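Observations on chain architecture
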Amino acid sequence: MADLFDRLTNQPIRSAAPGNLPRVDFAAGREAARTSQTLAQAMDRISNYAFESAKRSQTIEGSRAGAADPKGTLLSLEDRDPSSFSFRESAAYASAVEGLSAQVEVEAKKTMGEIMLDSTQKGENPQQLGERLDMAVIGFSDSLALLDPGTAQKLQLTLDNYRNAQYLNFSEDYIKEQRRASRATGAINLDVMNQSLENFARSPMPPAAMDKMINDQLDSMGVYLEGQGYTPEEIAAERLRSQKRAVIARARGEFERLESPEAQLQFVEDFRKDIGKGKGLARGMADSTAETLANSFETLAKSARSALNGEITNLKADIKLEVTSVVTAGGVPGQQVVDKLRSRVTALEEQGGDKEKIAELKDLLTTAEGNIEYFQGIQGYNIEQLEAEEQRLMEV
């Protein structure tokens, strides 16, 4: 038994192997599957095309409808939930909102233009205009917020840009106008200050005090003009013009305080000596200005002297006519006539008339008064006294 077991266990066991199985060909099935898949894809493409074509058609139709009647379209969809809209309705709604937005933008810009014009006419400042424009932007933007927040936001950005442009243009014009007004006021007040400065400069004042006063006034003008928006260059130019007016007024004041043409001509001579030296009567003046002023003073003085001499000549003729000729004819002029003539002589003497000519007038009047006194004295003579007086005169 054991031997049998050993023989059995030590011998390889052979098993029967299966024979060759027949091979099955699945090509037909695979081809059928591919055909089925191709058909399915073709159907999907046809379906998608039809869907997209219908969608495009409805979108175009809806866009046209919304663009044609924005308000009517929105009213027809007023109580609907946008999520329930069909393609056509969604397109119509979007087109209507866009169209309404364009209308609102046009109206908003028109309103803001009117606001700017009204603000200009009322003389408002940029801050006041900005507040009014902000209210317009918010109001028009909010009108679209419930329909389409995105469109409302886009519109607000557009209107904000337009608002800022309007504001900047207005501000620039406002600043220019304020500057023009300020400069106009400055020019008027500057003229007043110059007149005041000239009045001060004409007054009698020691040279050092006069120069200090002029400089102080010029400094005050500079501070004022700076506040009126004048540039440093403009202030410097105005200071030079004002300083020129002041020193000319100073010289005129000194010239005009002189009482006679002769004194004025002496002033002109002294004035010319100071030209080019930067001191004395011509201090603070350009040489050309000083020379022109000296020529003007000389012309005035000579004209005054000529006029005065003409008055002296006229007075001399009046004395001969109203006194000398009357006395020569045996008449006696009234004392009022003589007194009036003497007052005129005194006036001409005070005005600086030629001393020799004034002396000649005085001699004429003195002689005339002596003759008047003589004739008044002999008016009471009898015949014998008159004959005796005649004899005395013949002996003289």
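Residues numbered from 1 in each chain as written. Predicted model: local features only at pLDDT ≥ 70, side-chain atom pairs only at ≥ 80, totals over all residues. Heavy atoms only, no water.

1. So, the overall build of the protein
Within the protein, the regular secondary structure consists of 13 helices and 0 strands. Along the protein, helices (α) and strands (β) appear in the sequence α-α-α-α-α-α-α-α-α-α-α-α-α when read from the amino end. Split into buried and exposed, the 396 residues of the protein put 27% on the buried side. For the protein, contacts bridging at least 24 residues in sequence account for 66% of all contacts bridging at least 6. Element-wise, carbon and sulfur atoms account for 54% of the exposed surface of the protein, whose accessible area totals about 26,000 Å². (Helix = DSSP H or I, 4+ residues; strand = E, 2+ residues; numbered from the N terminus. Buried < 20%, exposed > 50% of the residue type's maximum accessible area, 1.4 Å probe, protein only. Contact = heavy atoms within 4.5 Å. Areas by Shrake-Rupley, 256 points an atom, 1.4 Å probe, with all protein chains shown as cover.)

2. Some thoughts on the environment of alanine 136
The topology assignment puts alanine 136 in helix 5 (residues 126-145). Linking alanine 136 and isoleucine 115, residues 21 residues apart in sequence, is a C-alpha distance of 9.1 Å.

3. Concerning the pattern of salt bridges
The full count for this structure, using the stated rule, is 22 salt bridges. Ionic pairing is found between aspartate 191 and arginine 245, a salt bridge with its closest N-O pair at 3.8 Å. Placement of aspartate 191 in helix 6 (residues 149-202) and of arginine 245 in helix 8 (residues 232-256) is noted, with a sequence separation of 54 residues between them. Judged by its relative accessible area of 34%, aspartate 191 is partly exposed. Taking the relative accessible area as the measure of exposure, arginine 245 reaches 28% and is therefore partly exposed. Residue arginine 202 pairs with glutamate 256 through a salt bridge whose shortest N-O separation is 2.9 Å. (Salt bridge = Lys/Arg side-chain N within 4 Å of Asp/Glu carboxyl O.)

4. A look at empty space enclosed by the protein
Taken as a whole and assessed by the stated rule, the structure comprises 1 cavity of 30 Å³ or more. Each pocket or cavity is described by its volume, and for the largest cavity that value is around 30 Å³. In this structure, the largest cavity is lined by Leu190, Leu218, Met221, Gly222, Leu225, Ile235, Glu238, Arg239 and Ser242. Contributing elements (two or more residues each) for the lining of the largest cavity: helix 7 (207-227) and helix 8. (1 Å grid on protein atoms, 1.4 Å probe; cavity = no way out; pocket = protein on both sides within 12 Å on 5 of 7 lines; lining within 4 Å. Points joined across faces, edges and corners; volume = space filled by probe spheres on them.)

5. Quick look at the packing of helix 7 against helix 8
Between helix 7 and helix 8, the shortest axis-to-axis distance is 10 Å and the interhelical angle comes to 150°. Considered as vectors, helix 7 and helix 8 are oriented roughly antiparallel to each other. Considering the relative orientation of helix 7 and helix 8, their crossing is right-handed. For the pair helix 7 and helix 8, the contacting residues are Met210, Asp211, Ile214, Asn215, Leu218, Asp219, Met221, Gly222, Leu225 and Glu226 in the first and Ile235, Glu238, Arg239, Ser242, Gln243, Ala246 and Arg250 in the second. (Axes fitted to C-alpha atoms, helices over the stretch in contact; angles between N-to-C directions. Parallel < 35°, antiparallel > 145°, perpendicular 65-115°, else oblique. Left-handed = near helix turned anticlockwise from the far one by under 90°.)

6. Examining the packing of helix 6 against helix 8
How two helices sit against one another is set out by the angle between their axes and by the gap between those axes. Between helix 6 and helix 8, the least distance of the axes is 7 Å, while the angle of their chain directions is 30°. Classified by the angle between their axes, helix 6 and helix 8 sit roughly parallel to one another. With respect to the hand of their crossing, helix 6 and helix 8 are arranged in right-handed fashion. Residue-level inspection shows Arg183, Leu190, Asp191, Asn194, Gln195, Leu197, Glu198, Ala201 and Arg202 of helix 6 in contact with helix 8, the latter providing Glu234, Glu238, Ser242, Arg245, Ala246, Ala249, Arg250, Arg252, Gly253 and Glu256.

7. Points about the nonpolar core
If you look at the biggest cluster of nonpolar residues, it comprises 17 residues, and the most contacted ones within it are Phe271, Met285, Leu293 and Phe297. No other element matches helix 10 (residues 287-328), which puts 5 residues into this core. If we ignore the near neighbours within four places in the chain, the residues touching methionine 285 are Val247, Ile248, Arg250, Ala251, Phe271, Ala290 and Leu293. (Core = buried A, V, L, I, M, F, W, Y, C linked by side-chain atoms within 4.5 Å.)

8. Considerations on the side chain of glutamine 166
Within the element layout of this structure, glutamine 166 appears in helix 6. Given the relative accessible area of 11%, glutamine 166 is considered buried. When neighbours within four sequence positions are excluded, glutamine 166 is seen to be in contact with Met112, Gly113, Met116, Leu129 and Leu133.

9. Remarks on helix 10
The end-to-end C-alpha distance of helix 10, which contains 42 residues, comes to 59 Å, matching closely the 62 Å that a straight helix rising 1.5 Å per residue would cover. When the local axis directions of helix 10 are compared, the greatest deviation, roughly 35°, occurs at lysine 320. (Expected span 1.5 Å × (residues − 1). Bend = angle between axes of the 7 residues up to and from the residue.)

10. Digging into helix 7
For helix 7, with 21 residues, the first-to-last C-alpha span of 31 Å sits near the 30 Å given by 1.5 Å per residue. If you check which residues of helix 7 are buried, you get Met210, Met213, Ile214, Leu218, Met221, Gly222 and Leu225. In this structure, the buried side of helix 7 is in contact with helix 6 and helix 8. Positive backbone phi, at 90°, marks glycine 229, one or two positions downstream of helix 7.

11. Structural notes on the packing of aromatic side chains
Across all of its chains, the model carries 6 aromatic pairs by this definition. Both rings, one in phenylalanine 271 and one in phenylalanine 297, keep their centres 6.0 Å apart while their planes meet at 75°; by these two values the pair is edge-to-face. Pair noted here: phenylalanine 271 is in helix 9 (residues 261-274) and phenylalanine 297 is in helix 10, with a separation of 26 residues, a long-range link. A residue is classified by how much of its surface remains accessible, and phenylalanine 297, at 1% relative accessible area, is buried. In this structure an aromatic cluster arises from ring pairing among Phe255, Phe267, Phe271 and Phe297. (Phe/Tyr/Trp six-rings, centres within 6.5 Å; stacked < 30°, edge-to-face > 60°.)

12. Concerning the side chain of glutamine 264
The topology assignment puts glutamine 264 in helix 9. Judged by relative accessible area, which is 12%, glutamine 264 ranks as buried. With near-sequence residues (within four places) excluded, glutamine 264 lies in contact with Phe255, Leu258, Ala301 and Ala304.

13. Thoughts on the confidence of the model for the protein
Confidence in the prediction for the protein averages 79 pLDDT; 73% of positions are at 70 or higher. Of all helices and strands in the protein, the one with the weakest mean pLDDT is helix 1 (residues 2-9) (45), whereas helix 8 scores best (93). Per-residue pLDDT stays below 50 along residues 1-5; that stretch engages in 0 contacts with residues further than four places along the chain or on separate chains. (pLDDT = per-residue confidence, 0-100.)

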